[in-house]
Amino acid sequence: MSLLKKKYGTTDTGDYALVAETADGVSVSDSIGVADAADAAETATEAIEAADAAAVRSAEAEGVAFKDMLEEGSRGMGHSAKKAAEQDDAGADVDDIMRKYDRESNTRIWEGKPKIVISILMALFSAYCIGMTLFSTALPQTKLSLFVGLIVVIGYLMYPVRKGHVKPNHIPWYDIILMLAGAVCFFYFAFNAVDIIHYGQRLRMENIVMGVIGILVVMELCRRCVGIPIIVVVAVLIAYAVWWEFDHNMTPFLALRQIVFTLFYTTDGLIGTPINVCYTYIVLFIIFGAFLERTGIAAFFIAAANKIAGWSSGGAAKVAVISSALCGMVSGSSVGNTVTTGSVTIPMMKKTGYKPEFAAAVEAASSTGGQIMPPIMGAAAFLMAEYMGIPYIEVAAKAIIPALLYFAGIFITVHLEAKKLGLKGIPREQLPKGSYLLKNCYLIIPLVLLVWLVASGARTMAVSAAISIAGAFVIGYINFLFTEWKDREEGESVGSVFLSVTKLALVTAYEALQAGAKSCVAVAVACAMAGMIAGCITVTGLASTLVNVIVGAAGGAMIVGLVLTMLTCIVLGMGVPTTANYCIMASTTAPILIAMGIDPIAAHFFVFYFGIVADITPPVALAAYAGSAIARSNPFKTGLNAAKLAIAAFLVPYILAFNPVMILEGSFAWWDVAIVVVTALAGLFGISSALNGTLFCKINPVFRILLVAGGLCMMVPGLLTDAIGIAVIAAIVVVQLVLGKRSNAAAAA
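This write-up is about the structure you can find in this document. (Residues numbered from 1 in each chain as written. Predicted model: local features only at pLDDT ≥ 70, side-chain atom pairs only at ≥ 80, totals over all residues. Heavy atoms only, no water.)

Checked against the element boundaries, Ala-138 lands in the loop between α5 (112-135) and α6 (140-158). Measuring from C-alpha to C-alpha, the distance between Ala-138 and Ala-190 comes to 9.8 Å, with 52 residues separating the pair along the chain. (Helix = DSSP H or I, 4+ residues; strand = E, 2+ residues; numbered from the N terminus.)

Spelled out as structure tokens, the structure:
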């Protein structure tokens, strides 16, 4: 995982400014192991506490307005490059502590010439992926095996065998052997794919040995950079698959040969649909995200969110909700969003008056919504398009209403909490000016370009991503040019400014390519594991068994089947990265709902949402742990608060399962969609009010129960249930309003 760095520089006027970014500019992945989550949270607290306290003291001493922080962040790499010498010492301490405890931060230390060589290798890998995706006509087995082989090389160069087992410029002999052995296996298959395909299941012994070595090497790399939970799932399924083959009248050798053939040499296993989608789409969008981050768009989104909602009651938390929704469009990583936007919003929420657990929970719940926020929606959205057999743009379009309802639910809860605590907004004079937003709105051009290209169908997904990467580079160049021109020294010529900007833009592009490669490793390995999981399920027919068990247990009651499926998704999703998580759900639980009569598209959205909820569901609430590290709060309490805030994530899937109109499925008119949205919002308001316990004044227990009941009625399609729900919620709102006025009058007297 990328490290969180708190970087402090000074503006030209001497004001202090806080710039939050990830080490080496790498997006933070959301795939860390269960065993490491608590340690990461606890230790990250130590790292961030000192830096955060220093920033707050400096800001208070100098009277820095929040807009100064945002404007400094928007200056991007241009300013950061100039202040690098001042920032290295501050970042080094955080790096050391995070490297000690966090799995993905625990990369090898390369210095000097080895660092240059490896960084060039990673940049070339990103360039190779772009070129191969756009122009290669090779067999899928060839392209995908080459891709995984290169991932193995980069992965073992990056990740040591265990935490803290690193020395500068050192890689143990056994890691070299693993790296070379794994790479040779995949490269051998790539260059002999035609012959091996002709063998079919009649594999030679050397082919079987290579397959076993390749699988084990990738599993070990997954343990290092993703975590143990998914390895346990894969190992159990492989063992079950071997036993299943052996139980069906095969000898142990034939059973092993069959499993190796399926998992290593066919597109139903390790190089199956997940890794194909990763190679074709996900890698390009990761690289696009790396380029886009360097344009300063995150700071622009936070500034825009402040302008929209910062002035209102409890505005800092509403800023977190909006900025996380906007940043989620770019990264789609729950932990990544929590770290990048939370480094600014969580301290502001605490300063406003929110409890640390609530502040961290708001950011975690909002950032988790990045996985369902169009247009990018995280890597799993591309897999959804592949599994459901619909264009990606349709997946994004169908996700719009559920995503807006999700964030609306959090927004409602945040507003109620602010009113409950009597919190004020950020003073208007400290908010970004409209002129700042106007002059920097060009930063969203690459994102708009991507959406237009994908939506119009003018280009393929891969070409659209490549064009958008070029667009992000151009916008970054323009941003650097503006910054350098504004900060130019007296007497500096136009030519020297252009030369400086060109060098900076090229260096930034190189760093973006490098960052993209680093971010690809964990995602690609997780996709490889997901492919093997799907392969084992296909070979054994496990999905059919699970369908029969749950459908039988439900006894024909759809709601029971939905609840059982929800629990299965949450349990299977704990500690498993989103990409692998969705593949498991699509292969096992989605067929259950389809067999029960749920719309196929709605079934996939249902399992996708509940797989993601694992990121904020204790005990494995990775996004909540990341937020608690910044807020210095109790991780478990933060997770509970995040789950309560994200109540919409637990309700919206049921709505779309019962009424697919929400995801624009089936025959409907515009007023059908409007009714679903309005009733869902009313239901979310009722349930959020009940969970908060305050609406104008304290809500008594009976009213809270009635609010929950009324809210749930609104979730079930039908005029009768909608009428009952509206009547109950409206009546309680009126009563609470009257009681609140009486309470205020008595207090005033």
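Secondary-structure assignment places Lys-143 in helix α6. Summary of buried charges: Lys-143 has no salt-bridge partner, and the nearest side chain of opposite charge, Glu-386, is 12 Å away. For Lys-143, the contacting residues outside a window of four places in its chain are Met-132, Ser-136, Ala-138 and Tyr-279. (Buried < 20%, exposed > 50% of the residue type's maximum accessible area, 1.4 Å probe, protein only. Lys, Arg positive; Asp, Glu negative; His and termini not counted. Salt bridge = Lys/Arg side-chain N within 4 Å of Asp/Glu carboxyl O. Contact = heavy atoms within 4.5 Å.)

A few words now on unusual backbone geometry. The backbone of Asn-169 sits at a positive phi, close to 55°, despite the residue not being glycine. Here Asn-169 falls in the partly exposed class, since its relative accessible area comes to 35%.

With that settled, consider the packing of helix α33 (residues 701-715) against helix α34 (residues 719-748). Axis angle and axis distance: for two packed helices, these are the angle between their axes and the distance between the axes, and together they describe the pair. For the pair α33 and α34, interaxial distance at closest approach is 7 Å and the crossing angle is 145°. You can see that α33 and α34 cross each other, and the crossing is left-handed. Residues Phe-703, Leu-706, Leu-707, Gly-710, Gly-711, Cys-713 and Met-714 of α33 touch α34, and the partners they reach there are Thr-721, Asp-722, Ile-724, Gly-725, Ile-726, Val-728, Ile-729, Ile-732, Val-735 and Gln-736. Split into classes, the residues belonging to the contact of α33 with α34 amount to 11 nonpolar, 5 polar and 1 charged. (Axes fitted to C-alpha atoms, helices over the stretch in contact; angles between N-to-C directions. Left-handed = near helix turned anticlockwise from the far one by under 90°. Nonpolar A, V, L, I, M, F, W, Y, C, P; charged D, E, K, R; others polar.)

Phe-147, Tyr-406, Met-529 and Phe-605 are the most contacted members of the largest nonpolar core, which has 200 residues in total. It is helix α23 (residues 494-540) that provides the largest number of residues to this core, a total of 20 residues. Once residues within four sequence positions are removed from consideration, Phe-147 is found in contact with Phe-125, Cys-129, Ile-275, Cys-278, Tyr-279, Val-283 and Ala-524. (Core = buried A, V, L, I, M, F, W, Y, C linked by side-chain atoms within 4.5 Å.)

Next up on the list: the pattern of salt bridges. When their charged atoms lie close together, side chains carrying opposite charge are able to pair. Across all of its chains, the model carries 6 salt bridges by this definition. Two residues, Arg-108 and Asp-175, come together in a salt bridge whose shortest N-O distance is 2.3 Å. With Arg-108 in the loop between α4 (84-101) and α5 and Asp-175 in helix α7 (residues 173-191), this pair connects stretches of sequence that are 67 residues apart. The exposure classification of Arg-108 matches that of Asp-175, with both residues buried. Between Glu-665 and Lys-398 there is a salt bridge; the shortest N-O distance is 2.6 Å. Of this pair, Glu-665 sits in the loop between α31 (647-658) and α32 (670-692) while Lys-398 sits in helix α18 (residues 392-398), placing them 267 residues apart in sequence. Given a relative accessible area of 18%, Glu-665 falls into the buried group.

All quantities given are derived from atomic positions and should not be read as evidence of function.
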